[in-house]
Amino acid sequence: ADGVWHHVVAVRDDSSNENRLYVDGGLKATANIDYSAGFGSETAALNIGWNDKSGSGRHFEGTLDEMALYNRALTLTEIQAHNTAGQAGNGVESLRPPPDADAGPDRTSVVE
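The structure reproduced in this document is the subject of the present report. Predicted, not measured: the structure shown is a model, and the values here were computed from it.

Criteria and cut-off values
Residues numbered from 1 in each chain as written. Predicted model: local features only at pLDDT ≥ 70, side-chain atom pairs only at ≥ 80, totals over all residues. Heavy atoms only, no water. Helix = DSSP H or I, 4+ residues; strand = E, 2+ residues; numbered from the N terminus. Expected span 1.5 Å × (residues − 1). Buried < 20%, exposed > 50% of the residue type's maximum accessible area, 1.4 Å probe, protein only. Arc of directions from axis to C-beta. Contact = heavy atoms within 4.5 Å. Salt bridge = Lys/Arg side-chain N within 4 Å of Asp/Glu carboxyl O.

**Brief notes about helix α1 (residues 76-87)**
- For α1, built from 12 residues, the straight-helix expectation of 16 Å at 1.5 Å per residue is met to within 8% by its first-to-last C-alpha distance of 16 Å.
- Along α1, the positions that sit buried rather than exposed are Glu78, Ile79, His82, Asn83 and Ala85. Buried residues of α1, viewed axially, fall in a sector of 165 degrees; they line one side. Projecting away from the buried face of α1 at angles above 90 degrees are the exposed residues Thr77, Thr84 and Gln87.
- Those residues of α1 hidden inside the fold are in contact with β1 (8-13) and β2 (18-23).

In structure tokens form, the structure reads like this:
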């Protein structure tokens, strides 16, 4: 809540049964979590921007930009490279594979 942009990465690592939180390229917190659906489950809940477990209705107040989801846990080196590139104003090359389909050229829609 300091009014400055931050690079935040949450990693849910099935291989270590851990959740890790990185802020600006550094590890800030680690928690061992046991998910009833299975840590690597494709049906386990994922909440972004709000906390449904607390019952308090807490929601994130701010802007999310350049959000990405990966099908594996990113390494510390990858997280730090993304942070460094973002701080320098450089685009970050996605670690995701290219799409399988082309949706066609960009289009603009005008509502009258």
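Moving on, there is more to tell.
**Topic: the pattern of salt bridges**
- Taken as a whole and assessed by the stated rule, the structure comprises 2 salt bridges.
- A salt bridge links Arg20 to Glu18, with the shortest nitrogen-to-oxygen separation between them at 2.9 Å.
- For Arg20, a relative accessible area of 13% puts it in the buried group.
- Note that Glu78 is salt-bridged to Arg72, the shortest N-O span being 2.9 Å.
- A residue is classified by how much of its surface remains accessible, and Glu78, at 18% relative accessible area, is buried.

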